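# Close look at the chain arrangement
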Amino acid sequence: MKAMLLDRAGDVASDPLQLRDLPMPLPGPGEVLVKVQVCAVCRTDLHVIEGELPDVKRPLIPGHQVVGTVARLGAGVTEVQEGDRVGIAWLQGTCGTCEFCTSGRENLCLKARFTGYQVDGGYAEYAVVPARFAYPIPPAFADEAAAPLLCAGIIGYRALRLSGIKPGQRLGLYGFGASAHIAIQIARHWGCQVYVSSLKAEHQALARELGAVWVGGAQDVPPDSLHGSIIFAPAGELVPPALRALERGGTLALAGIHMSPIPSLDYDRDVFGERVLRSVTANTRQDGIDLLREAAAIPIIPRTVRFPLPQANRALQALKAGSFQGAAVLTI
């Protein structure tokens, strides 16, 4: 099979992914082989490829927003059948027995495995996933539209939940890439007023188009205090002003897997008033199930830009530069 392979970390400007012919993987017990149709490109892929995350498997096939069809079943699989359309997301395995797994917090499992990080992912013609971590894709979505939902959508959805935002309240979004442009559609469906801070003029324009009541630059102060906010940009310097923009008792959720250093906080100015700062760590399978169900009901309409698989480096370069709206999707 053809795959884009990472042998060693490097700036995406140096084209670190190489197109290779590799043996087709085989599903083990409890696993399925998926013929990949599309794989969306995520900012986490950038962090993996450029060496900003530890313990990366190498050589590695990146990619964790995969949509395809089940081509082969491993021994003992009963959850899906050959020909089913499924998605592969970031979380690919947990121990199932620790205190986190048994209390509905499997995203915090210390033995969790992640697609396109510790396990080969979807920048390839085929990928393997445990059947219990393969998501049925609602028929409302074409393959290309479904792919960004499998990380950008799921993480945005979990971040919305952890921000504590309620219908009718004021929500702040900092950074307006693939995840935020899905989160705003959910928040608007809930009746929230959404305030967006973003660097790029084209991202600001998309935020207005999707119903933001206010759009400003990354460091601009929203005109109203916010009940909850999410930082999608990997920029720690946004944390203090985002905390200051919160209403008393509000929550700021940090949705990235990696962030630059956070400056020191002034307790009286930034934190006092029971303001809450919390991270968003991966997702549970239930987050994915709930997101896909609600996204189909709304329905969410992801904005996508296509790149053929051999142009994965170019897609990552465009993502890093912020030169497109919505999500990049590799077509296989």
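Here, every reference points to the structure presented above.
Residues numbered from 1 in each chain as written. Predicted model: local features only at pLDDT ≥ 70, side-chain atom pairs only at ≥ 80, totals over all residues. Heavy atoms only, no water.

## Observations regarding the nonpolar core
Under the convention used in this document: Nonpolar core, defined: a set of buried Ala, Val, Leu, Ile, Met, Phe, Trp, Tyr and Cys residues in which side-chain atoms within 4.5 Å join the residues together. Using a 1.4 Å probe on the protein chains alone, a residue whose accessible area is under 20% of its type maximum counts as buried, one over 50% counts as exposed, and one in between counts as partly exposed. Helix numbering and strand numbering both begin at the N terminus, where a helix is a DSSP run of H or I of at least 4 residues and a strand a DSSP run of E of at least 2. Contacts are assigned to residue pairs with any non-hydrogen atoms lying within 4.5 Å of each other.
Within the largest apolar cluster, 53 residues are counted, with the highest numbers of intra-cluster contacts made by Leu 17, Val 32, Val 41, Tyr 123, Leu 316 and Leu 330. Of all elements in the fold, only strand 1 (2-6), strand 3 (31-40), helix 1 (43-49), strand 4 (66-73), strand 5 (85-88), strand 8 (126-130), helix 9 (312-321) and strand 17 (327-331) reach the threshold of two or more residues within this core. Not counting the four nearest positions on each side in its chain, Leu 17 is found in contact with Met 4, Leu 5, Leu 6, Ile 49, Pro 62, Tyr 123, Ala 312, Asn 313 and Leu 316.

## A short note on the side chain of Ser 198
Mapped onto the secondary structure, Ser 198 falls in the loop between strand 11 (193-197) and helix 5 (201-209). Each residue touching Ser 198, except ones within four places of it in the same chain, is listed here: Phe 176, His 203, Gln 204, Gly 216, Gly 217 and Ala 218.

## What to know about the pairing of strand 5
The criterion, for reference: Two strands are counted as paired when DSSP detects at least two bridges linking them.
Bridge analysis of strand 4 against strand 5 gives four bridges, and the strand direction is antiparallel. Bridge pairing links Gly 68 to Val 86 in strand 5. For strand 5 and strand 9 (residues 134-136), the ladder comprises three bridges, and the chain directions are antiparallel. If you follow Val 86 over to strand 9, its bridge partner there is Pro 136.

## Some remarks on the sheet that holds strand 12 (residues 214-216)
The criterion, for reference: Here an angle of 0 to 180 degrees is reported between the N-to-C directions of two axes, which are lines fitted to C-alpha atoms, with helices fitted over the stretch in contact.
With parallel pairing, six strands are arranged side by side in an open sheet as 12-11-10-13-14-15. Of all the strands in the sheet, just strand 12 and strand 15 (276-279) have a single pairing partner and so form its edges. Strand-to-strand twist across the sheet, computed as the mean angle between neighbouring axes with direction ignored, equals 15°. Here five bridges tie strand 13 (residues 226-231) to strand 14 (residues 246-254), and the two strands are oriented parallel to one another.

## With respect to the packing of helix 3 (residues 152-163) against helix 4 (residues 178-189)
How we decide: For this classification, under 35 degrees means roughly parallel, over 145 means roughly antiparallel, 65 to 115 means roughly perpendicular, and everything else is oblique. Definitions for this section: a left-handed crossing has its near helix turned counterclockwise from the far helix by less than a right angle. A right-handed crossing has that turn clockwise.
Closest axis-to-axis distance for the helix 3/helix 4 pair is 8 Å, and the angle between their directions is 55°. Here helix 4 runs oblique to helix 3, going by the angle between their axes. Of the two possible hands of crossing, helix 3 and helix 4 adopt the one that is right-handed. The segment helix 3 lies against helix 4, with Ala 152, Gly 153, Ile 155, Gly 156, Tyr 157 and Leu 160 engaging Ala 178, Ser 179, Ile 182, Ala 183, Ile 186 and Ala 187.

## Some remarks on the environment of Leu 226
Checked against the element boundaries, Leu 226 lands in strand 13. Leu 226 sits in the buried class, given a relative accessible area of 0%. Spatially, the C-alpha atoms of Leu 226 and Val 194 are 9.1 Å apart, while their sequence positions differ by 32 residues. The residues touching Leu 226, leaving out its near neighbours within four places in the chain, are Arg 170, Leu 171, Gly 172, Tyr 174, Tyr 195, Ala 245, Leu 246 and Glu 247.

## Brief notes about helix 9
What helix 9 keeps buried is the set Ala 312, Asn 313, Ala 315, Leu 316, Ala 318 and Leu 319. The positive-phi residue at the C-terminal boundary of helix 9 is Gly 322, with phi of around 65°.

## Section: the packing of helix 3 against helix 8 (residues 285-297)
Short version of the rule: Polar here means any residue other than Ala, Val, Leu, Ile, Met, Phe, Trp, Tyr, Cys and Pro, which are nonpolar, and Asp, Glu, Lys and Arg, which are charged; Gly is therefore polar.
Where helix 3 contacts helix 8, the axes come no closer than 9 Å and their chain directions differ by 100°. Regarding the angle of helix 3 to helix 8, the classification is roughly perpendicular. Taken together, the residues of helix 8 that come into contact with helix 3 (itself represented by Gly 153, Ile 154, Tyr 157, Arg 158 and Arg 161) are Asp 287, Gly 288, Asp 290, Leu 291 and Glu 294. Here the contact of helix 3 with helix 8 is composed, by residue class, of three nonpolar, two polar and five charged.

## Quick word on helix 3
In an α-helix, one turn spans 3.6 residues; hence positions three or four apart end up facing the same way. Rules: Residue count minus one, scaled by 1.5 Å, sets the expected span of a helix.
Here helix 3 contains twelve residues, and its C-alpha end-to-end distance of 16 Å stays within 8% of the 16 Å for a straight helix at 1.5 Å per residue. Along helix 3, eleven of the twelve residues are buried, which leaves the element largely enclosed by surrounding structure. Structurally, helix 3 contributes buried residues whose contacts are with strand 10 (170-174), helix 4, strand 13, strand 14, strand 15 and helix 8. Backbone geometry just after helix 3 places Gly 164 at a positive phi near 75°.

Interpretation in functional terms is not warranted from these geometric data alone.
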